[in-house]
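# Results of the structural survey
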Amino acid sequence: MGRSSNASVTTQMKIDLWGILTIGAAILAVAIAVILTLQRPVLTLDESAYLYRGAAIVDAGEFPPVPLSPGVSIVHAASYFFLRSLPLGLEYAGRVTLFIGIVSIFGLTYLTTRSLLGPRWGLAALLLLVVYAPLRAVLWNASGFLFSAALIGTFLLLIQLRHRTNRIAGWIALLATTLGIATLFRNDGFVIYAGMTLIILVLIMHQQIPLLNKGLIIVFAWVGPFVALISLATLASWATTGNSEIFPTGRTYVAFEQGAGLVQRFELAKFGLSPWVEGARIAAETFGTREENNVSVVTALTSNPTAWAQRVGWNIRDFFLRWYEDHEGVFALGFLILVIFGIVALMRLREWLVIAGLVVLVLPTGVYFIVTFWRQGYVATYSPLMVVLVCLALAQLINTREQAAPRLAVGGLLISLASGMALIIAVSRYSDAVNSITGPIGQGITSGEIFGVSIVLLALTGATAGWQWMKQTRRLLTIGLIFGLWMSSATTFIPAPLSVQEQRQARIFDVASEQRRSYIRFAYANAQDGPVCAADPSLPWYARQQVVITSELHNPQTWQNAQVLTELLKRRSCVYAFFIGQGAVAPEGFTTVWTEGVMVLTRPIQP
């Protein structure tokens, strides 16, 4: 009786301990989300456009078309509705969206890992994710982190669906709805939905239900919710703006042109050229002009197969470089190998539905390799999924009673070694251009990297070999590895005292951000009486001004020539001109409305 009572008390203490740890981790995750939200800078380019379109939904009732990721603007609009009276209301709306996105990613990653491995590993995944460097690389683009949340949510639904026999139609409808939302966050959702359709068809065909019911599930549970969401978004855009586009054909060609420069960014940098600017020229010279290709990427690529193959090679190289950059040079090889063995763990567990779903979720990345370009955000978008796979690998290592099938383990080791060598070669060759990280191999691989990979390979060998001494020690090795991964990631999130140079850079960044906010406050209150011409519309968008995007203002000579500038403003019907750059001084015949740093807002002197 006494032993039973003691066992019960011990079990209750363990439950209470894990409950307390989980609550503590949840508090830490929310605190990290708050910190990152408060640190969010005033952003430009894509993010400012998402925010501006969110304001247009509230202020003008204009709904953006599907190719412009309307789901992101809807989320921004929800918080902007309550903040629109504030001068910095649009920036605050972006911060609210960031907080919602981060908390969603944390929570869904915890639930996903818990569903696969149990609550302890769910806790481990949450603790790792809050300090995982790649996640932070996607946080400054709402489309990226909201799409990332939708991806991990889709993965969670697949895990829940794999053993469902009852009410399967409801789960399938929920999955289709999630993919519809993901598509409104980023057009990659179309590719994922197409691939997932094959999985759902196979799943439904294996159900022991009448054929008619199978057809009804396909039509109403799978096709219906997705088509309804995309159709509603398209109708809303057509009704409010006259734009009924659904597929991003035009944007894809622009990305294809940009990619022509970005894949050669190292070569262009030697001549001081911008890959973003040079991309269209290189694409025209290599694959033909837009007009010649009828704005068709397929036509362009097939016109020069040799250049296409070379471009794919550059994108594969960039995958390893971006992976290294996203991990900030800390345990990049270790994480890459663990992700590979996380997939091996899924295969060992024969989770074929989950594996197939994982393949489909990363399917859009093939488009980047083949058609456009590969950038850091594409690695970062999948960081929650990568953390789940890392936990799967670690869980297999720490379980001393099970080991992978020899062929599966050897295959994983060979792929890991090949991938590791490719990463080392790429980083070593371009180490001077990658994050300025120094180390013993080509100034690119740090000693911490080498140590981390050694531990991973040792632990993985112990997981597959029959050596008794290795089996007895690999639990200790794996626990040490888990602790090392967390500490190495934490040091990138909570760095050591900043150097003098880093402190100076941080101050410069803070000053620049405050100058941008100063412009937003002033323009919101004092410059709403007419359109403003600007080469970069980001700050006028934040101030909710009417903007005329004027590429001629990229050229400082246009700005400095009063006559040319006057004619430009008349031709574009602008009241103001906004310029960012060195020598930002109002030319003769213009009055300075506002200026600070390298920014100036001006208008012609009235006669």
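Residues numbered from 1 in each chain as written. Predicted model: local features only at pLDDT ≥ 70, side-chain atom pairs only at ≥ 80, totals over all residues. Heavy atoms only, no water.

### Some details on the overall build of the chain
Here is the rule: Secondary structure is summarised from DSSP: a helix means a run of H or I of at least four residues, a strand means a run of E of at least two, and numbering begins at the N terminus for each. For every residue, the accessible area (1.4 Å probe, protein chains only) is compared with the maximum for its type, and the residue is labelled buried under 20%, exposed over 50%, or partly exposed between those bounds. Working rule for contacts: check all heavy atoms of both residues, and any pair within 4.5 Å makes them a contact. Computed with the Shrake-Rupley method and a 1.4 Å probe, the accessible areas treat only the protein chains shown as cover for residues.
Counting secondary structure elements, the chain contains 28 helices and five strands. Among the 607 residues that make up the chain, the fraction classed as buried is 50%. Contacts spanning at least 24 positions in sequence make up 70% of the contacts within the chain whose residues lie at least 6 apart. Approximately 28,100 Å² of the chain is accessible, and the part contributed by carbon and sulfur atoms is 65%.

### Points about the nonpolar core
In plain terms, the rule: Working definition of a nonpolar core: buried Ala, Val, Leu, Ile, Met, Phe, Trp, Tyr and Cys residues. They are joined through side-chain atoms within 4.5 Å.
Formed by 120 residues in total, the largest nonpolar core has its most connected members in Phe106, Phe155, Ile172, Met196, Trp222 and Trp323. If we ignore the near neighbours within four places in the chain, the residues touching phenylalanine 106 are Ala29, Ile32, Leu126, Leu129, Val130 and Leu135. Formed by 26 residues, the second largest nonpolar core is a distinct cluster that contains Leu83, Ala523, Trp541 and Trp594.

### Thoughts on the pairing of strand β5 (residues 599–604)
Worth spelling out the cut-off: A pair of strands counts as paired when DSSP detects no fewer than two bridges linking them.
Note: strand β3 (residues 576–580) against β5, four bridges, orientation antiparallel. The residue of β5 that forms the bridge with isoleucine 580 is methionine 599. A loop of two residues connects strand β4 (residues 590–596) with β5, the two strands running antiparallel in sequence, and glycine 597 in this loop sits at a positive phi of about 65°.

### Details of the sheet that holds β5
Selection rule: Axis geometry follows a simple rule: fit a line to the C-alpha atoms, using only the stretch in contact for helices, then measure angles between N-to-C directions, giving values from 0 to 180 degrees.
Spatially, β2-β1-β3-β5-β4 is the arrangement adopted by the five strands of the open sheet, whose pairing is mixed. Two strands lie at the open edges of the sheet, namely β2 (547–549) and β4, each paired on one side alone. Looking at each pair of strands side by side, their axes are set apart by 25° on average, direction ignored. With three bridges connecting them, strand β1 (residues 532–534) and β2 associate as parallel partners. By the bridge assignment, valine 532 is partnered in β2 with valine 547.

### Brief notes about helix α9 (residues 188–205)
Think of an α-helix as turning once every 3.6 residues; residues three or four places apart then point the same way. In plain terms, the rule: A helix is expected to span 1.5 Å for every residue after the first.
For α9, which comprises 18 residues, the first-to-last C-alpha distance of 27 Å matches the rise-based estimate of 26 Å (1.5 Å per residue) to within 8%. Within α9, burial applies to Asp188, Gly189, Phe190, Ile192, Tyr193, Gly195, Met196, Ile199, Ile200, Leu203 and Ile204. Elements that come into contact with the buried residues of α9 comprise α7 (142–161), α8 (168–185), α10 (211–241), α18 (352–361) and α19 (364–370).

### Concerning the state of the cysteines
Formally: For this text, the term disulfide refers to a pair of cysteine sulfurs within 2.5 Å.
A full pass over the atoms with the stated rule returns one disulfide. One disulfide in the model links cysteine 533 with cysteine 574; its S-S distance is 2.1 Å. Here the S-S torsion is close to 80°, and the disulfide linking cysteine 533 with cysteine 574 is therefore right-handed. Taken together, the residues cysteine 533 in strand β1 and cysteine 574 in the loop between α28 (562–571) and β3 connect sequence positions 41 residues apart. Like cysteine 533, the residue cysteine 574 is buried in the burial classification.

### Details of the confidence of the model for the chain
For clarity, the threshold we go by: What pLDDT reports is the predictor's confidence in each residue, on a scale of 0 through 100.
For the chain, per-residue confidence averages 84 on the pLDDT scale, and residues scoring 70 or more make up 85% of the total. Between the elements of the chain, mean pLDDT differs from a low of 61, seen in helix α23 (residues 447–464), to a high of 96, seen in helix α3 (residues 70–83). Segment residues 437–443: pLDDT under 50, and 21 contacts once partners within four positions in sequence are set aside and those in other chains are kept.

### Side note on a nonpolar patch on the surface
Rules: Like-charged residues within 9 Å of one another, or nonpolar side chains (Val, Leu, Ile, Met, Phe, Trp, Tyr) within 5 Å, are grouped into patches, provided each residue has over 30% relative accessible area and no salt bridge. The term salt bridge refers to a side-chain nitrogen of Lys or Arg lying within 4 Å of a carboxyl oxygen of Asp or Glu.
Together, Leu28, Phe483, Trp486 and Met487 make up a nonpolar patch on the protein surface, roughly 360 Å² of accessible area in all. Residue position: methionine 487 is located in helix α24 (residues 468–493).

### A word on the packing of α9 against α10
Stated precisely, the cut-off is as follows: By definition in this entry, angles of less than 35 degrees are roughly parallel, angles greater than 145 are roughly antiparallel, angles of 65 to 115 are roughly perpendicular, and the rest are oblique. Each crossing gets its handedness from the near helix: less than a right angle anticlockwise from the far helix is left-handed, clockwise is right-handed. Gly is placed with the polar residues, together with every amino acid not listed as nonpolar (Ala, Val, Leu, Ile, Met, Phe, Trp, Tyr, Cys and Pro) or charged (Asp, Glu, Lys and Arg).
Between α9 and α10, the shortest axis-to-axis distance is 10 Å and the interhelical angle comes to 165°. With respect to α10, the element α9 is oriented roughly antiparallel. Crossing handedness for the pair α9 and α10: right-handed. Listed contacts from α10 to Phe190, Tyr193, Met196, Thr197, Ile200, Leu201, Ile204 and Met205 of α9 are Lys214, Ile217, Ile218, Trp222, Val223, Phe226 and Ile230. Among the residues forming the contact of α9 with α10, the class breakdown is 13 nonpolar, one polar and one charged.

### Focus on the packing of aromatic side chains
Short version of the rule: Classification of ring pairs uses Phe, Tyr and Trp, with its six-membered ring standing for Trp, and accepts pairs whose centres are within 6.5 Å; under 30 degrees between planes counts as stacked, over 60 as edge-to-face, and the remaining range as tilted. Geometrically, a charge over a ring is one whose NZ (Lys) or CZ (Arg) sits within 6 Å of the ring centre while staying within 35 degrees of the ring normal.
Under the criterion given, the structure shown has 21 aromatic pairs. Ring plane angle 70° and centroid distance 5.7 Å describe the contact between tryptophan 374 and tyrosine 378, whose orientation is recorded as edge-to-face. Its relative accessible area of 7% is what places tyrosine 378 among the buried residues. Taken together, a centroid distance of 4.9 Å and an interplanar angle of 15° make the contact between tryptophan 559 and phenylalanine 579 stacked. With tryptophan 559 in helix α27 (residues 556–560) and phenylalanine 579 in strand β3, the pair connects residues that are 20 residues apart, well separated along the chain. For tryptophan 559, a relative accessible area of 0% gives the class buried. Grouping aromatic residues by their ring pairs yields a cluster made of Phe319, Phe320, Trp323, Tyr368, Phe369, Phe373, Trp374 and Tyr378. Stacked on the ring of phenylalanine 81, the Lys or Arg arginine 84 has its end atom at 4.4 Å from the ring centre. Of note, arginine 603 hangs over the ring of tyrosine 576, and the distance from its end group to the ring centre comes to 4.8 Å.

### Things to note about the side chain of arginine 544
For clarity, the threshold we go by: Side-chain atoms alone can form a polar contact between residues adjacent in sequence; in general such a contact is a pair of N or O atoms within 3.5 Å, and within protein one must be able to donate a hydrogen while the other accepts it.
Here arginine 544 is to be found in the loop between α26 (538–542) and β2. A polar contact of 2.8 Å, which involves the side chain of arginine 544, links it to the backbone oxygen of proline 87. If we skip the residues at most four places from it in the chain, arginine 544 touches Tyr52, Asp59, Tyr80, Arg84, Leu86, Pro87, Leu88, Gly89, Leu90, Tyr524 and Gln528.

### Remarks on the pattern of salt bridges
Scanning the model with the defined rule gives 16 salt bridges in all. One salt bridge in this structure joins glutamate 325 and arginine 322, with 3.3 Å as the shortest N-O distance. In this pair, glutamate 325 and arginine 322 both sit in helix α16 (residues 305–326), three residues apart, roughly one turn of the helix. Comparing glutamate 325 with arginine 322 shows no difference in burial state: the two are buried. One connected set of salt bridges, linked through shared partners, spans Glu91, Arg95, Glu514, Arg517 and Arg521.

### Re the environment of glycine 180
Relative to the elements of secondary structure, glycine 180 occurs in helix α8. A sequence separation of 50 residues divides glycine 180 from isoleucine 230, and the C-alpha atoms of the two residues are 6.8 Å apart.

### Quick word on the pairing of β4
Pairing geometry for β4 and β5, over six bridges, is antiparallel. Bridge pairing in β5 links tryptophan 594 to leucine 601.

### Brief notes about unusual backbone geometry
Of note, serine 69 is a non-glycine position whose phi angle comes to about 55°, a positive value. Along the polypeptide, serine 69 turns up in the loop between α2 (46–59) and α3. Not every positive phi belongs to a glycine, and serine 573 is a case in point at roughly 60°.

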